Amino acid sequence: MTRKDFLAALGAGAVTPQMLKSSPESKPASGGSPPVLKLSELCSLDDVEAQARSVMLSSVYDYVSAGAADELTTRWNREKYRELRLQAEVLTNVSQLDCTTTLLGQRMKMPILLAPTSNHRLVHPEGELATARGAGLAEATMVLSNGANTSVEDVLRVATQPVWFQLYVDPDRGLARELVQRVEAAGAKALCVTVDAPIDGARNRPDRNPVVIPPGVGYPNYLSKADLVALQSLEGVHPPLLEWRDIEWIRSLTKLPVLLKGIMNPRDADTAVKLGIDGIMVSNHGGRCLDTQPATIEVLPRVVAQVNGRVPVIVDGGIRRGTDVVKAIALGASAVQIGRPCIYGLAVGGAEGVAYVLQLLRQELLMAMALLGRSTLAQIDRSVIWH
Ligand code: FNR
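Now for a look at the structure at hand. Please read these numbers as outputs of a predicted model, since none were measured by experiment. (Residues numbered from 1 in each chain as written. Predicted model: local features only at pLDDT ≥ 70, side-chain atom pairs only at ≥ 80, totals over all residues. Heavy atoms only, no water.)

Bringing the pattern of salt bridges into the picture now. All told, the structure shown has 17 salt bridges when counted by the stated rule. Residue Lys109 pairs with Glu139 through a salt bridge whose shortest N-O separation is 3.5 Å. Linking Lys109 in the loop between β2 (106-108) and β3 (112-114) with Glu139 in the loop between α6 (127-138) and β4 (142-144), this pair joins segments that are 30 residues apart in sequence. Relative accessible area serves as the criterion here: at 32%, Glu139 is assigned to the partly exposed category. Note that Arg321 is salt-bridged to Glu364, the shortest N-O span being 2.8 Å. Within this pair, whereas Arg321 is found in the loop between β9 (313-316) and α13 (322-330), its partner Glu364 is found in helix α14 (residues 340-372), the two being separated by 43 residues in sequence. One connected set of salt bridges, linked through shared partners, spans Asp62, Glu71 and Arg205. (Salt bridge = Lys/Arg side-chain N within 4 Å of Asp/Glu carboxyl O. Helix = DSSP H or I, 4+ residues; strand = E, 2+ residues; numbered from the N terminus. Buried < 20%, exposed > 50% of the residue type's maximum accessible area, 1.4 Å probe, protein only.)

Structure follows, in structure tokens:
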């Protein structure tokens, strides 16, 4: 079975460990790698990034890959997964692997969502429409960014899987209310309010190599210009005011489940749950806001302990391997999100590239489960982490 057939089979449904055994696929006879590799030749999410880097404008690659300041948090997000070691159990029955889950009442084929990321038209002419199609092909849930270049209505028109919407609360509360109503009317299934980015962090790398937004690329989900004002001068820092009482107000506006994205403090998680928030996203914005915050996988167990099962906890930041997903689940996450890898998949292969990234990560997750001796997500607990 070729890798391509395998990924098609993954799309079709049941997976057995036999199918997970790698199969040789013919390589070019000589001359090294061709300049542009086929998706099926990209073996890991890092391969997809390397390929994307070779086709993206350097300014766009810097914009996507960068973290804030010295990019330490971005680096730690990945490194801390690598420091965790796994402990397998052998001779358990793993003949039927199942990584499906239910989140906020929604059945999911995998515990992996597309994190909200802005500006998809910088890497692909169809932008978020292609991303939504890719999520559909992989049967994954996409969280659409408030900073998308495509309207929530247009994305919902092409989506075949549930779409959640990520909200930056407009300083003009009338406009914020209007957007929430629009999102609900369009058919989004949940609202994720991002709370960790009242302003961007010090993005030195993109500042040195700025992106030029091409003509015609806009922000149809922003209703006011105020949101688009970038911090371009050193004159003053005036983040828009967002407080807990605004969260209560947002909660009161909609019947949709409301999650808070960007929680890195167990106390904040507790406050959120007490206010009736339906889910917590442990995230440091991929290290793009406050540099030297800890890695999200370090913070996750503390937030999970504080939340104590009251609502689901989702984590993002640095997840690039199926074993990373396993570790997040083991430490109490209900699901994970991936940000940059989906953009790289989009840059490399449009909708198919996005689907490929998701399917590859799901495939690695299933492999890790088989090798750990766990056939369902419910069986993945702290005992898989080696101490
Ligand atoms: C983001 N992220 C983000 N988050 C958010 O709430 N709203 C947004 O509009 C964006 N935009 C955005 C753009 C780009 C280019 C990146 C890389 C990230 C953060 C994102 O949702 C997520 O938290 C991180 O990307 C997760 O880390 P990884 O998977 O990229 O390591």
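Inspection of the region around the ligand gives 23 residues, with Pro116, Ser145, Thr194, Gly318 and Arg320 positioned closest. Here Ser283 contributes a side-chain N or O atom positioned 3.2 Å from an oxygen atom of the ligand. Note that an oxygen atom of the ligand is positioned 2.9 Å from one of the backbone N or O atoms of Gly318. For the ligand, the accessible surface in isolation is 600 Å², of which the surrounding protein chains cover 98%. Where the shell around the ligand is concerned, the elements lending two or more residues are α4 (58-65) and α14. Within the shell around the ligand, the residues separate by chemical class into seven nonpolar, 11 polar and five charged. (Near = heavy atom within 4 Å. Polar contact = N/O pair within 3.5 Å; in protein donor to acceptor, adjacent residues only side chain to side chain. Areas by Shrake-Rupley, 256 points an atom, 1.4 Å probe, with all protein chains shown as cover. Nonpolar A, V, L, I, M, F, W, Y, C, P; charged D, E, K, R; others polar.)

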